[in-house]
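# Structure assessment
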Amino acid sequence: MCIIKYNHKSYTHKKPTMTTVTNKFRVVAVSDNTNSFGLHQFVAVAKDGEGYKLHTCYLYKPKKGDDITIVFNLDEKTGRRSFKEVVGMGIEMPEKIGIPAPKEVLEEIYKA
């Protein structure tokens, strides 16, 4: 618990309970061209169908088929996850893809 002092009044504020969780994703598409900021877009999909569109500079540009680990903050109270980072990569503008990938697509992505 921390005390926040503002305008000579004291307020008690509990810090949210957050933990981090990770999930493995496979890169399924990478753009050759860049946006106006010089970033390459790529799409990564997890085995459960969850997908993200992400942007990175040429230094961290992945190849199709690469596996990456995404770290999420997990609010233990609500059970909600929020994007935190990709291990070993500088990422900007993460965007979750709203619908999960179909089973047939996942089979193609993760075939041996």
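As shown above, the structure is provided for reference.
Residues numbered from 1 in each chain as written. Predicted model: local features only at pLDDT ≥ 70, side-chain atom pairs only at ≥ 80, totals over all residues. Heavy atoms only, no water.

## Some remarks on the pattern of salt bridges
Our working definition: Each reported salt bridge corresponds to a side-chain nitrogen of Lys or Arg within 4 Å of a carboxyl oxygen of Asp or Glu. A helix here means a DSSP run of H or I that spans at least four residues, while a strand means a run of E at least two residues long, and both kinds are numbered starting from the N terminus. The classification of residues rests on relative accessible area computed with a 1.4 Å probe and restricted to protein chains. Under 20% of the type maximum is buried, over 50% is exposed, and intermediate values are partly exposed.
Across all of its chains, the model carries six salt bridges by this definition. Across the salt bridge formed by Arg26 and Asp67, the nearest N and O atoms sit 2.8 Å from each other. Taken together, the residues span a long stretch of sequence, with Arg26 in strand S3 (residues 18-30) and Asp67 in strand S6 (residues 67-75) at a distance of 41 residues. The class for Asp67 is partly exposed, based on a relative accessible area of 48%. Glu50 is the partner of Lys96 in a salt bridge, and the nearest nitrogen-oxygen pair spans 3.5 Å. Here Lys96 is found in strand S8 (residues 92-97), whereas its partner Glu50 is found in the loop between strand S4 (40-45) and strand S5 (51-56), with 46 residues between them in sequence. With a relative accessible area of 9%, Glu50 lands in the buried category. Bridged by salt links that share partners, the residues Glu50, Arg81 and Lys96 form one connected network.

## Quick look at the packing of aromatic side chains
Aromatic rings in a pair are described by how distant their centres are and how their planes are angled relative to each other. Formally: Here is the rule: rings of Phe, Tyr and Trp (six-membered ring for Trp) pair when centre to centre is within 6.5 Å. Planes less than 30 degrees apart are stacked, more than 60 are edge-to-face, and the remainder are tilted. Remark: a charge is flagged as sitting over a ring if the NZ atom of Lys or the CZ atom of Arg is within 6 Å of the ring centre and within 35 degrees of the ring normal.
Across all of its chains, the model carries five aromatic pairs by this definition. Note on Phe25 and Tyr52: the rings are 5.9 Å apart at their centroids and 75 degrees apart in plane angle, and the pair reads as edge-to-face. Here Phe25, found in strand S3, pairs with Tyr52, found in strand S5; they are 27 residues apart in sequence, far enough to count as distant. Across this residue pair, the class does not change: Phe25 and Tyr52 are buried. A ring pair is formed by Phe72 and Phe83, whose centres lie 6.4 Å apart and whose planes are at 90 degrees; its orientation type is edge-to-face. Of the two residues, Phe72 sits in strand S6 while Phe83 sits in strand S7 (residues 81-86), which places them 11 residues apart along the sequence. A residue is classified by how much of its surface remains accessible, and Phe72, at 0% relative accessible area, is buried. Over the face of the ring belonging to Phe72 we find Arg81, whose NZ or CZ atom lies 3.9 Å from the ring centre.

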